[in-house]
Structure formats: structure tokens, C-alpha cells
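A structural walkthrough
Residue-level listing of the chains:
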Amino acid sequence: MAHSLQPHRRGLLLAALMLLVVIGWLAVFGVTLWSLHDKALDDGFADARMHARNVEDHLTKTLQVIELGADSLPPDGGHASTGTLNQSLAVMLRPSPFLRSLSLLNPDGRVIASSDPRNVGLPINLHGFYPEAGLDWPQLRIGTPWHGRDLGDARPCAGEPAPPSAPGFIPVMRPVELKDQPGWWLAALNPDDFINHFSELLPVDEGRVQLLRYDGMLLLSSHPDDIPGRSDQAGQVPNRLEQQEFGDFEQRLSDGTQTLTAYRASSRFPVVIAVHLDRKYILGQWLADVRGLSMIVLPILAALSVATLLFWRRHQRLEQQRAELERQRRLTSSVFDASSDAIMLTTPSGEILSTNPAFEHMTGYSGDEVRGRNPRLLASGQHDAAFYRALWNAVIETGHWQGEIIDRRKDGSLYTGLLTINAVRDDAGRIQHCVGVTSDMTERKRYEAELLAAKERAEAAALAKTTFLATMSHELRTPMNGILGMTDILLRSELNDKQRRQIGIVKSSAESLLTILADILDYSRIEAHGITLKPSPFDPVETIQVVLALFAPHADKKSLTLRAETLEPPPGMIVADPVRFRQILTNLVSNAIKFTHDGGISVRVWSEPANSDHEHAMLVVTVMDTGIGIPSALHESIFDAFVQVDGSHSRSYGGTGLGLAISRRLAETMGGTLGVASTPGLGSCFTLRIRVIRA
């Protein structure tokens, strides 16, 4: 055992050593990548500082040119005419593409001369320049950016975005001497010249260059989304400027861009250059370097990892195979032994090789008793030879058979099983083994037989009950008709008031009992033989009037109103079963009068189209009353047999509770429905819908 473990241990040690080498390579590679990351950021800051220094130098020289222009005015410029001054200013402007215009202003800010004569006479607001100082301070002032090409068609920015492709300029001024009084020298800087210079220096996808006043206001930017005239476009630059006139740091601008920022204030003028390099672009360059390095290093690491994996798998494959075979053997054994179904394994010719404990429990034969024998030892004699031939033919041809089989136990008793046989084939398709699985169905078959017998007994009992009810109802109606006939004869004879009242009570009771017997007889016939319809043409409106006339005396006794309404569209003549229709209507009107004490009963009728079928229609009849109403919980149960609203109603109002049950069965047989909508104390509305043919 110890000897067999030595190669395994050597493999583990070698794999661990190779793993350590790979981890070392990865660690060195990771440190190198991080160093390159830091170097990329440091180089970015260095580039930003260099750009800021170069742009600041360029800007300072440009502003010096503007100062020199103010100093180069002719000594008698204050006494020259406006035209002469305009011409002189135009000559000075010509070699300066960074300027829009040059102008002279009087102390109040009105233009007295300009390189663009259209500007002459325009008033210029002297407020908003930085730094704010009077004519006695001879330094350059920087104004707020203006929207427009020149003074005549421009306005100062208010911090709002400029219209697309709109021109603009930045006013710069300083005091000059005019005649015997001071004035202002005003130069309109052309932002496009600076932006073109900035964009060549730093493309937009790499970053942006901003020109700021010393107070933080943005004058111009190489980025098209920055808004001149606002003080929040350069991030933390104004705050850093209060502490140091140049520097660099990392920040996030107002538009969410993470940047490496370097800023530098002009050595002579109140302006600041801010250079923002896009951190994402810089790291993108770093990632490109990483990818290049990874294409060299990662294949080496991958090759080393693959070699380690192959070596490890070579040492592990045999043990894994042994473990897998052992696991499968245990799993198969546990399934084989734990199954509650009888399992037997046979050769292709049928000799039993192995059985599980459930086989012994089901058949009584132990594994040793049946090993090497044919399964025919279980034959019960209940199946002929053709049954077994079909079984084995199916196994040979399709590799599968399933069906019920009756076998004999060792003690001679029979049992029914659901037998499933599957053939196990080799790669060439030859049968190597057959596996038979039997589920004992003896108890299930006995239960099914008992259930079938109970069902047949219940059906016979129900038929007997229905037949008995129908017979008794029919037999009871004959004497009841005799009682009614005799009461009619007695009522036509000479009787005193007391006798007439007593005979009237007998007749009323007999009629009620006859109605109950009729309901029971109808329900029994429906249960026993179903319903046979006899369609014929009739007028439903006329039928409704006949039914209401029949119940008019009953309604008058209770001081109830009976009303019939025909709504649009009227039904007209229809083809349906008039007897069954009248029976349903009679039940509904009778119930409405029975359960209504005040108010009345209203019967409405109309027709509705039956889908797209022009031959058929839906006849709709509603019976509404102002009676006691029905709780919502009973809206369905009242259509069951022998059910009324509650027990107390049954005692107070009488009846069998069959009327609505019969009416719904009739409505459904006629291709329709019968439903109710009711509120206790407010009354009920029964709605009958039946499918009819237009006559």
C-alpha cells in the first residue's frame, strides 16, 4: 500500500512545484502590469504639465502682442479723424488672425474708432472685466465671452450654451491716452484660432485645453460640450489656484469625465491654462500595452498550465477511473437492492443470472433457487403460448416489452404484475442481457374490482330510487285527482259557509300536494330518462301573457302588480319547445309571487343575435320581483335539487325546492342558461336565455 502511494506523492510534489512556478510568473506579470499602469498615469501628468506650459507661453506672447498694439498707436492718434483711426486699426488687425477686431473707446465706453467701421458709436458695458479697475491701472483686463462675430452683432454670454456653430469672441482691454483724456483699447480675441491650436496640440478624444480667467470663468475650450462664461467647467482648478499658480491632480469634471489635470497661470496676465487629459484614454493606451505584453506572456503561462494539467491528469486518470467504477458499482447495487419492484437479470437465452431481495419477497423464490433457471418457472398457466411468443419477439426486435402478466408464487398463489423487459445491447447491437422489472399489481387490481362493483351498485340504487319516486308520484296523483274531483262536486252542492271554507282548505291542500307530486315526477323523469324537446313555432310574448293571466288571481290576493314588457328588438315568432318554455316561466313567476309581499313582478322579453348566425337567435326573459331576496352565497346552490333559500323559508313558504333545479336543467337542454342576481330585502331578477330558431 505504501509502495503504491509513492508515485502519487511524487506527482503531487511535482504538480505543486509547477503550480508555484506558474503563480510566481503570474505575480511578476501582475507587478509589471501595475508598474506600467502607474507609469502611464505619471507620463500622463508629465504630458499635461508640458502642454500647460507650452500653451501658457503661447497665450502670454499673444496677449503681449495686444499690449504692444496699444503702445504702438500714433502719438497724434487722439487728434486724428475717425476715418484715419479706423484705417490704422484695420492695418494693425490684418496680420493678427487671433483677433476679430480692434477698437478705441472713450472713457464712458462708446466706440470712437474701430477696424470695423460698423462698431463706431456702439456703447460697450465696461463692467464684467477682470480685474475690475479704473483708467489709472494700466494692466490688461479680460472680459466675459460674447456670442457673435463682432461688437455690432454680439451679446455677452450668460452661462448658457452657444448655438451650434455660432461665432464668438473674448473682449480684452487696457487704458490708453487719447488727445488730452484717457480712453480704452479694446481687442476682440478670436476663439477659433486658439481652439484650432489647442485641438492640434491635444485631440478631443485624448483630452481638452481650457482658457480660464483668474477668477475661474471659462473663456474658451477645445471641447465642444464645455460652456464658456461659466465657472464650474474646470472642476477644482479655481480652488487649487488660490493656493498655487501651477500644479497637477486627478479629478472628475462636471460632465463625469475622469481626467489628469495640469494648470498654469500666465506670468503676466490674469488668465490660466488648464489641460485635462482623459484618464480613460490614457488607460486605454496602457491596456494596449498590456494586450501586447499578454500576447507574449500568457501563451507561455498557458503552455505551462496545460503541461501541468496534462501531467496531473496522467497521474490521476487511473485512480479516477477506479473511483468511478467503484461508485457506479455501489450505486447500481444500492438501486438493485433497495428497489421495491422485483428485478431479475437474464442471459439472452433466458437463464436467470441475478435477482434482488424484492424478487424473493414477491415470488417466494430466493436468488440461489432461481439462478441458472428460466423465468417460465413462474408461469401461471393463465397465458397461452402466443402471449409469450409476442413478448419475446418484441424484446428481440425492439428491445422493450411492457404489459400485465399473471404469475405463480412458490406457494402456488397467483399475483398480477406490471412487467417491463428491456434488452441491453453491445456496440454491435447484439443483446448481452435482459432486465425484467415487475411491479406487484395484485392489490390494485382487487381495489379496482371493488371500486367497479361499488359503482355498479350505486348506479343500480340510484336507478331504483328514481324509478320508485316516479312510480310513487304517478300512483299518488291518481287518488289526489279523485280527491280534487270530489271537492269540486262538493263545492257545487249546497253548503253552509263553514262547510264551504273547510272544503276549500281541502282543495287547496290537495292542489299543493298535486303540484309537489308533479315536480317530483318531472325531476324523476329527467334523472331517469333525460329531457326530450319537441320544438314547434309559437309566440313567446303570447305565452308570457297566458302565464301572467293564470297567476293574476294569486297576485290580486296579495295586492301585487303583474306586468309584461316587450323590449327592442321584439322576438316575434320562434321555433322552440313551447311546453318547456312555459314550464320554466311558470316556475319563475310562481316563485316570484310566493316570495313577494309588497310591490310587484315584472316580466321582460327581447331577442339578441346568436353570434353571426342569422337563422338562430337568443331569446332573453327576465323575471324581476320586489320580494325577500337571496343572499349571494346561495345564488348557485338554489339551483340544486331540494334547496331553497334556507330552512325557515322552506317551512314558511312550502315547496320541494325542485322548481329551480328543473328549470335550469330545461334551460341548459334548450341551449341556454338560467341565472339570478339578487340582494336580500330588495328583490331578485332571474334571467333566462335560450337558443331559438327564427320562424
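Attention here is on the structure that accompanies the text. (Residues numbered from 1 in each chain as written. Predicted model: local features only at pLDDT ≥ 70, side-chain atom pairs only at ≥ 80, totals over all residues. Heavy atoms only, no water.)

1. Focus on the overall build of the protein chain
Tallying secondary structure elements over the protein chain gives 14 helices and 24 strands in all. Taken over 695 residues, the protein chain has a buried fraction of 40%. Long-range contacts, defined as pairs at least 24 residues apart, comprise 59% of the intrachain contacts of the protein chain with a sequence gap of at least 6. Carbon and sulfur atoms form 57% of the exposed surface of the protein chain, whose accessible area is close to 38300 Å². (Helix = DSSP H or I, 4+ residues; strand = E, 2+ residues; numbered from the N terminus. Buried < 20%, exposed > 50% of the residue type's maximum accessible area, 1.4 Å probe, protein only. Contact = heavy atoms within 4.5 Å. Areas by Shrake-Rupley, 256 points an atom, 1.4 Å probe, with all protein chains shown as cover.)

2. Examining the nonpolar core
Inside soluble globular proteins, nonpolar side chains tend to come together where they are buried. By size, the foremost hydrophobic cluster in this structure holds 50 residues, and its most contacted members are Leu104, Trp185 and Leu189. Within the second largest apolar cluster, 40 residues are counted, among which are Leu585, Ile593, Leu688 and Val692. (Core = buried A, V, L, I, M, F, W, Y, C linked by side-chain atoms within 4.5 Å.)

3. A word on the side chain of serine 103
One can find serine 103 in strand E1 (residues 99–105). A polar contact of 3.0 Å, which involves the side chain of serine 103, links it to the side chain of serine 114. When sequence neighbours within four positions are dropped, the list of residues in contact with serine 103 reads Leu89, Val111, Ala113, Ser114, Asn119, Leu151, Trp184, Trp185 and Leu186. (Polar contact = N/O pair within 3.5 Å; in protein donor to acceptor, adjacent residues only side chain to side chain.)

4. Some points on the sheet that holds strand E17 (residues 431–440)
Taken together, the 5 strands give an open sheet; going across it, the order is E14-E13-E17-E16-E15, and neighbouring strands pair in antiparallel fashion. Both outer strands of the open sheet, strand E14 (352–355) and strand E15 (400–408), are each paired with one neighbouring strand and no more. Between one strand axis and the next, the sheet turns through 25 degrees on average, direction left out of account. Across 5 bridges, strand E13 (residues 342–346) lies against E17 in antiparallel orientation. Looking at E17, one finds that methionine 344 is bridged to glycine 436. Each of E15, strand E16 (414–425) and E17 touches helix H8 (residues 385–398); the most contacted strand, E15, lies at about 150 degrees to it. (Pairing = 2+ DSSP bridges. Axes fitted to C-alpha atoms, helices over the stretch in contact; angles between N-to-C directions.)

5. A closer look at the environment of valine 579
Looking at the element boundaries, valine 579 is found in helix H12 (residues 578–594). The spatial distance from the C-alpha of valine 579 to the C-alpha of proline 535 is 9.0 Å, given a sequence separation of 44 residues.

6. A word on the packing of H12 against helix H14 (residues 659–669)
Here H12 crosses H14 at 145 degrees, and the two axes come no closer than 9 Å. At the point where H12 passes H14, the crossing takes the left-handed sense. In this structure, H12 contributes Arg580, Gln583, Ile584, Asn587, Leu588 and Asn591 to the contact, and H14 contributes Gly659, Leu660, Ile662, Ser663, Leu666 and Ala667. Each residue belonging to the contact of H12 with H14 can be placed in one class, and the counts come to 6 nonpolar, 5 polar and 1 charged. (Left-handed = near helix turned anticlockwise from the far one by under 90°. Nonpolar A, V, L, I, M, F, W, Y, C, P; charged D, E, K, R; others polar.)

7. Things to note about the pattern of salt bridges
If charged atoms from side chains of opposite charge come close, those side chains can pair. A complete count under the given rule lists 23 salt bridges for this structure. The salt bridge partner of glutamate 565 is arginine 563, with a shortest N-O separation of 3.4 Å. Given a relative accessible area of 22%, glutamate 565 falls into the partly exposed group. What makes arginine 563 partly exposed here is its relative accessible area of 48%. One salt-bridge network, held together by shared partners, links Arg208, Asp226 and Asp255. (Salt bridge = Lys/Arg side-chain N within 4 Å of Asp/Glu carboxyl O.)

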